[in-house]
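Letter by letter, the chains look like this.
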Amino acid sequence: MQRPGEVWPDQDELIDLVREAQRGEPRAVDALLASLRPSFVRFFARRLTRDDAEDAAQEALIRITGALGRIDPERARSYVATVAQNLLRSESRRRAREARRAAPVELAETVEAPGTPEAEADYRDLARAVQRASLATLPPDLREILQARLSGLSPTEIASQRQVNPATIRTRLLRARAILRPELGSYS
């Protein structure tokens, strides 16, 4: 019987449930999981939304089921609590990563829309300058690769046409950029 204020099932009850499940008693695994589920939901609901707590509880039950043969019945309560803490820690880290990836909507107001007339004109000017500089500076092979890239082909597509590794094309594009950088200094 669970005491008020406690999250996890009683130690003795949990020991019996784990032993029965490990012996293969009929419906013993179901009984174990049914006794653990409310505890997991309560534990996760302290920090997560109800739906997320339900999902985390389900994940914990799956982990318990997968590890059932390795759980020491005498230490089952500690094992169950550790599984819950580890899942909660993983969920907290996942949420923190998501929060770092998100940007405030206000930042979007300062970003210029793609395809504006000014951006297109700048791109055309830069493309013409690159073409002029490449004609005068680059060897024919690098010039052809750069022209293909400027026409909209990806390095993978260019590599496929030339029957070479895409890494080779990326390396040659880097070399072309290095050669053209001094020529195009005014555009940087």
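What this report covers is the structure whose coordinates are included nearby. Small disclaimer: the values here were computed from a predicted structure and weren't measured.

Attention now moves to the overall build of the protein chain. Along its length, the protein chain carries nine helices and zero strands. Starting at the N terminus and ending at the C terminus, the protein chain contains elements arranged as α-α-α-α-α-α-α-α-α. Looking at the protein chain residue by residue over its 188 residues, the buried ones come to 31%. For the protein chain, long-range pairs separated by at least 24 residues make up 59% of all intrachain contacts whose partners lie at least 6 apart in sequence. Here the protein chain displays about 12500 Å² of accessible surface, and carbon together with sulfur accounts for 51% of that area.

Quick look at the side chain of Ser 35 now. Its place among the elements puts Ser 35 in helix α2 (residues 28-45). Exposure remark for Ser 35: the relative accessible area of 17% places this residue in the buried category. If sequence neighbours within four positions are ignored, Ser 35 has contacts with Pro 9, Glu 13 and Leu 17.

Before going further, it helps to examine helix α7 (residues 140-150). Within α7 the residues assigned to the buried category are Leu 142, Ile 145, Leu 146 and Ala 148. Buried residues of α7 fall within an arc of 160° about the axis and therefore sit on the same side. Buried residues along α7 sit in contact with α6 (117-137), α8 (155-162) and α9 (166-180). Of the residues flanking the end of α7, it is Gly 152, one or two places downstream, whose phi is positive at about 110°.

Look at Arg 27: it is not a glycine, yet its phi comes out positive at around 65°. By relative accessible area, which is 64% here, Arg 27 ends up exposed.

Bringing the packing of aromatic side chains into the picture now. Following the criterion strictly, the structure yields four aromatic pairs and no others. Arranged with centres 5.5 Å apart and planes meeting at 40°, the rings of Trp 8 and Phe 43 form a pair that is tilted. A residue pair is termed long-range when its members are at least 10 positions apart, and Trp 8 in the segment before α1 (11-23) and Phe 43 in helix α2 qualify at 35 residues. Of the residues examined, Phe 43 reaches a relative accessible area of 13% and is grouped as buried. An aromatic cluster of at least three residues, connected via ring pairs, comprises Trp 8, Phe 40, Phe 43 and Phe 44.

Basis of the calculations
- Residues numbered from 1 in each chain as written.
- Predicted model: local features only at pLDDT ≥ 70, side-chain atom pairs only at ≥ 80, totals over all residues.
- Heavy atoms only, no water.
- Helix = DSSP H or I, 4+ residues; strand = E, 2+ residues; numbered from the N terminus.
- Buried < 20%, exposed > 50% of the residue type's maximum accessible area, 1.4 Å probe, protein only.
- Contact = heavy atoms within 4.5 Å.
- Areas by Shrake-Rupley, 256 points an atom, 1.4 Å probe, with all protein chains shown as cover.
- Arc of directions from axis to C-beta.
- Phe/Tyr/Trp six-rings, centres within 6.5 Å; stacked < 30°, edge-to-face > 60°.

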